[in-house]
Amino acid sequence: MHNSSSWIKRLLDKPENAFMCMVDMSYIQDKFNLVGLENTLPNYETAIRVVLDDTPVSCVATNSASRSAAELVYGLVHARYVMTPRGVAKILEKYMAGCFGHCPRENCKRSAVLPIGLCDVVGKNTVRIYCPRCMDVYTPPPGVKGAAVDGAYFGTGLPHMVLMTRPEYIPSRPRGRHVAKLYGFRIHDSAYDLQRNALTEYRRSMQQPPNSTSVTTASITSTNNSTTAAPSVISTTDAASTTTTVVSSNVSNQTSRLENMINAYRRAPLLKR
């Protein structure tokens, strides 16, 4: 009995399927491993026959629907197969050879990565890469072979299954992290938050308070009413004093806010050696 079909070999020879591994024929032929997949496609039986080489090549080449259905079925079977001990072994072999690429993080020192899907539903996302060293997920860099395959063909738990069953392949955590410095001084962890809060406070202080317009309008209205009822000299003096009081109040509020902002700068340790 052959361990793989010619159709599977042709599928995996395509550059866009470089991340995928070869599923054993015995696994596909065991109907227990395919439970639930028959409800995914209306022409499921035809797709399985294509995968198992039970359909003539000429018929498959001329029927694009059967070819697409077969690729979909193989991808879903592949997602189940890589979670088995045999599938984990094949993924590990590719992982050790660096077939999935390397982590783009500087402190990981080009650590090998594993494929992972962000969703178990087909058509949602393409495959991503998971770094066991920094334990984070990244988008494969442009030009990487196999990066365009559907992420559901690997599933959301593949890297964790591999590392849980084979803990000897777990790399050590990266040493240290990037230290932000400016002119040789280390930037305090709260410096950016203080800068952002100070800028927000400054912009707020430069804006006119919302109630100042209504106060000024009310003052002018009352002054106009007093002008018609009293002599012109007295009403003009009252209006000027009222306006001066409102403006002085606004200036004092802005001044106090600026003083608070300056005091906050002086108390905060923005930089440290």
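A. Examining the overall build of the protein chain more closely. Secondary structure summary: the protein chain contains ten helices and six strands in total. Long-range contacts, defined as pairs at least 24 residues apart, comprise 65% of the intrachain contacts of the protein chain with a sequence gap of at least 6. Just so you have it, the protein chain exposes about 16,800 Å², and 56% of that area is on carbon and sulfur atoms.

B. Main features of the sheet that holds strand β3 (residues 136-138). Taken together, three strands build an open sheet; the order of strands is β1-β2-β3 and the sheet is antiparallel. Edge positions in the open sheet fall to β1 (114-116) and β3, since each of these has one partner strand only. With direction set aside, neighbouring strand axes in the sheet form an average angle of 40 degrees. Pairing of strand β2 (residues 128-131) with β3 involves three bridges; the strand directions are antiparallel. Each residue of the ladder has a partner; that of Tyr 130, found in β3, is Val 137. Contacting β1 and β2, helix α7 (residues 158-165) crosses the sheet at an angle of about 135 degrees to β1.

C. Molecular detail of a nonpolar patch on the surface. On the surface, Leu 199, Tyr 202 and Met 206 cluster together into a nonpolar patch covering about 280 Å² of accessible area. Along the chain, the position of Tyr 202 falls in helix α8 (residues 191-206).

D. Looking closely at α7. Turning to α7, its buried residues are Leu 158, Pro 159, Val 162 and Leu 163. Buried positions in α7, seen along its axis, are confined to an arc of 125 degrees and lie on one side of it.

E. Quick look at the packing of aromatic side chains. Applying the stated criterion to the full structure yields four aromatic pairs. Measuring from centroid to centroid gives 6.5 Å for Phe 19 and Phe 154, while their planes differ by 80 degrees, and the two rings are edge-to-face. Taken together, the residues span a long stretch of sequence, with Phe 19 in the loop between α1 (6-12) and α2 (25-29) and Phe 154 in the loop between β3 and α7 at a distance of 135 residues. Pair check on accessibility: Phe 19 and Phe 154 agree, each one buried. Here Tyr 27 and Tyr 81 contribute two aromatic rings whose centre-to-centre distance is 5.2 Å and whose plane-to-plane angle is 70 degrees, an arrangement assigned as edge-to-face. One end of the pair, Tyr 27, is in helix α2; the other, Tyr 81, is in helix α5 (residues 64-81), and 54 residues separate them in sequence.

Thresholds applied
- Sequence order as written defines residue numbering, which begins from 1 separately in each chain.
- Where local features are concerned, this predicted model is filtered to residues with pLDDT of at least 70; where side-chain atom pairs are given and counted, the filter is 80 or more; whole-chain, interface and lining totals use all residues.
- Side-chain measures were taken over the full set of non-hydrogen atoms in the model, leaving aside hydrogen atoms and water.
- A run of H or I in DSSP counts as a helix once it spans at least four residues, and a run of E counts as a strand once it spans at least two, with each numbered from the N terminus.
- The contact definition used throughout considers only heavy atoms, calling two residues in contact when any of these lie within 4.5 Å.
- Note on areas: Shrake-Rupley with a 1.4 Å probe; residue coverage comes only from the protein chains shown.
- Should DSSP find at least two bridges between two strands, the strands are taken to pair.
- Between the N-to-C directions of two axes lies an angle of 0 to 180 degrees, each axis being a line fitted to C-alpha atoms and, for a helix, fitted only over the stretch in contact.
- Here the term patch refers to residues with relative accessible area over 30% and no salt bridge, with like charges joined within 9 Å and nonpolar side chains (Val, Leu, Ile, Met, Phe, Trp, Tyr) within 5 Å.
- Within this document, salt bridges are pairs made up of a side-chain nitrogen of Lys or Arg and a carboxyl oxygen of Asp or Glu, the two lying within 4 Å of each other.
- Remark: exposure states derive from per-residue accessible area (1.4 Å probe, protein chains only) relative to the maximum for the residue type, with buried under 20%, exposed over 50%, and partly exposed in between.
- The reported arc concerns the directions from the helix axis to the C-beta atoms and nothing else.
- Only Phe, Tyr and Trp rings are paired, with Trp represented by its six-membered ring, and only when their centres lie within 6.5 Å; those with planes under 30 degrees apart are stacked, over 60 edge-to-face, the remainder tilted.

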